[in-house]
Amino acid sequence: MIENRKIVLKTRPTGLPGEENFAVETESLGDPPAGMALIEVSRISIDAFIRTTLEDEAFHGSVPVGDELVIVEVSA
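Just so you know, these numbers come straight off a predicted model, no measurement behind them. Sequence positions are assigned chain by chain, starting from 1 and proceeding in written order. Whole-chain, interface and lining totals are the exception, using all residues; otherwise, since this is a predicted model, local features are given only for residues with pLDDT of at least 70 and side-chain atom pairs are given and counted only at 80 or more. Values shown for side chains rest on all heavy atoms present in the structure; no hydrogens or waters enter the calculation.

Digging into the pattern of salt bridges
It is possible for side chains of opposite charge to pair when their charged atoms get near one another.
Thinking step 1. Salt bridges are identified by distance alone: a Lys or Arg side-chain nitrogen within 4 Å of an Asp or Glu carboxyl oxygen. Counting across every chain of the model gives three salt bridges.
Thinking step 2. Here Lys-6 and Glu-27 are joined by a salt bridge, their closest N and O atoms 3.3 Å apart. Of this pair, Lys-6 sits in strand β1 (residues 2–9) while Glu-27 sits in strand β2 (residues 22–29); the two residues are 21 residues apart in sequence, bridging distant segments of the chain.
Thinking step 3. Burial classification: accessible surface area is computed with a 1.4 Å probe over protein chains only, and a residue below 20% of its type maximum counts as buried, one above 50% as exposed, and the rest as partly exposed. Lys-6 gets classed as buried once you look at its relative accessible area, which sits at 18%. Only DSSP runs of H or I reaching four residues or more are called helices, and only runs of E reaching two or more are called strands; each is numbered from the N terminus.

Structure follows, in structure tokens:
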């Protein structure tokens, strides 16, 4: 069984975000379906875009409390 770790927003930060605003959850995943690939992420970047999604009314859209953060990784 494959396990996936994800970062979940527990509470909206006031001021700088801290560990108390997030939770790390582990979920079990099945094997990838035929024709799909499993990719392991080795590094991520938390940038200004992610910070704005933590706000209740965000220009880029808001992450609901209890949902996982949307992290997009682009590599060359």
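Let's pick the thread back up.
Let's talk about the environment of Asn-4
Thinking step 1. Tracing the backbone shows Asn-4 in strand β1.
Thinking step 2. C-alpha of Asn-4 to C-alpha of Ser-28: the two residues are 24 residues apart in sequence and 6.3 Å apart in space.
Thinking step 3. Here, two residues are considered to be in contact whenever any of their heavy atoms come within 4.5 Å of each other. With near-sequence residues (within four places) excluded, Asn-4 lies in contact with Glu-25, Thr-26, Glu-27 and Leu-29.

Comments concerning the environment of Pro-32
Thinking step 1. Relative to the helices and strands, Pro-32 is located in the loop between β2 and α1 (48–53).
Thinking step 2. We classify Pro-32 as partly exposed; its relative accessible area is 34%.
Thinking step 3. Taking C-alpha positions, Pro-32 is 9.3 Å from Ile-2, a pair spaced 30 residues apart along the chain.
Thinking step 4. Look past the residues within four positions of Pro-32 in its chain and what remains in contact with it is Ile-2 and Leu-38.

All we've got here are geometric facts, nothing functional implied.
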